[in-house]
Amino acid sequence: QVQLVESGGGLVQPGGSLRLSCAVSGSIFRLNDMGWYRQAPAKQRELVATITSRAWATYADSVQGRFTISRDNVKNTVYLQMNSLRPEDTAVYYCNADIVRTWASQSYGYWGQGTQVTVSS
């Protein structure tokens, strides 16, 4: 049973920093691309950053230069370092992982439960 558990969210002042973590556990044959998404009230879920199994990263324009995504393939964990946070970064942040469960299976996107990030004075 695959589980994704996020941590590291919280309340931070504008200009501050947070580091989110997402640990993947369970029976996994192959862990492919991973990523972070976010959803603010009354808005659709949007892509924040993605990272491949070889650590090639991409970012949304809104976070480029401020956020850094990374992963530890030994720990099956993806991170999101968020610097220079702005009020518009306030959202629930969700971890996503594209996972192959067995040698004969197709990949499937798994989601964490989300962690709240609030940027406010």
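In what follows, the structure referred to is the one given above.
For clarity, every value in this text was computed on a predicted model and none was experimentally measured.

What follows concerns the overall build of the protein. On a plain count of helices and strands, the protein comes out with zero helices and eleven strands. Ordering the α and β elements of the protein from the N terminus gives β-β-β-β-β-β-β-β-β-β-β. In terms of overall dimensions, the protein is globule-like: its C-alpha atoms have a radius of gyration of 14 Å, near the 14 Å expected for 121 residues. Structurally, the protein occupies a C-alpha span of about 50 × 25 × 25 Å along its principal axes. Each of the 121 residues in the protein was classed as buried or not, and the buried ones make up 38%. Contacts spanning at least 24 positions in sequence make up 56% of the contacts within the protein whose residues lie at least 6 apart. Per element, the accessible surface of the protein, about 6,900 Å² overall, is 47% carbon and sulfur. Side chains of the protein give 11 positive and 8 negative charges; the mean places of these two sets differ by 5 Å.

Under the criterion given, the structure shown has two aromatic pairs. Where Tyr37 meets Trp111, the ring centres are 4.9 Å apart and the plane angle is 65°; that geometry is what we call edge-to-face. Pair noted here: Tyr37 is in strand β4 (residues 30-39) and Trp111 is in strand β10 (residues 108-111), with a separation of 74 residues, a long-range link. The class for Trp111 is partly exposed, based on a relative accessible area of 38%. Residues Tyr108 and Tyr110 carry aromatic rings whose centres are separated by 5.1 Å and whose planes lie at 75° to one another, so their mutual orientation is edge-to-face.

Along the chain, Asn96 turns up in strand β9 (residues 91-100). Assessed through its relative accessible area of 12%, Asn96 is described here as buried. Reaching out from Asn96, the side chain makes a polar contact with the backbone oxygen of Tyr110 at a distance of 3.2 Å. The residues touching Asn96, leaving out its near neighbours within four places in the chain, are Leu4, Asp33, Met34, Gly35, Tyr37, Gly109, Tyr110 and Trp111.

In spatial order, the strands read β1-β3-β8-β7; together these four strands make up an open sheet with antiparallel pairing. Edge positions in the sheet fall to β1 (3-7) and β7 (67-72), since each has one partner strand and no second. When the angles between neighbouring strand axes are averaged without regard to direction, this sheet yields 15°. Direction of pairing for β7 relative to strand β8 (residues 77-82): antiparallel, over a ladder of six bridges.

The next thing to look at is the environment of Asp72. Along the chain, Asp72 falls in strand β7. For Asp72, a relative accessible area of 24% gives the class partly exposed. As for Asp72 and Glu88, which are separated by 16 residues in sequence, their C-alpha atoms are 28 Å apart. Non-local contacts of Asp72, meaning those with residues more than four positions away in its chain, are made with Thr77 and Tyr79. A distance of 2.9 Å separates a polar atom in the side chain of Asp72 from the backbone nitrogen of Val74. A distance of 3.2 Å separates the side chain of Asp72 from the backbone nitrogen of Lys75, its partner in a polar contact.

Conventions used here
Residues numbered from 1 in each chain as written. Predicted model: local features only at pLDDT ≥ 70, side-chain atom pairs only at ≥ 80, totals over all residues. Heavy atoms only, no water. Helix = DSSP H or I, 4+ residues; strand = E, 2+ residues; numbered from the N terminus. Rg over C-alpha atoms; globule rule 2.2 N^0.38 Å. Buried < 20%, exposed > 50% of the residue type's maximum accessible area, 1.4 Å probe, protein only. Contact = heavy atoms within 4.5 Å. Areas by Shrake-Rupley, 256 points an atom, 1.4 Å probe, with all protein chains shown as cover. Lys, Arg positive; Asp, Glu negative; His and termini not counted. Charge placed at Lys NZ, Arg CZ, Asp CG, Glu CD. Phe/Tyr/Trp six-rings, centres within 6.5 Å; stacked < 30°, edge-to-face > 60°. Polar contact = N/O pair within 3.5 Å; in protein donor to acceptor, adjacent residues only side chain to side chain. Pairing = 2+ DSSP bridges. Axes fitted to C-alpha atoms, helices over the stretch in contact; angles between N-to-C directions.

Nothing here speaks to function; it is geometry throughout.
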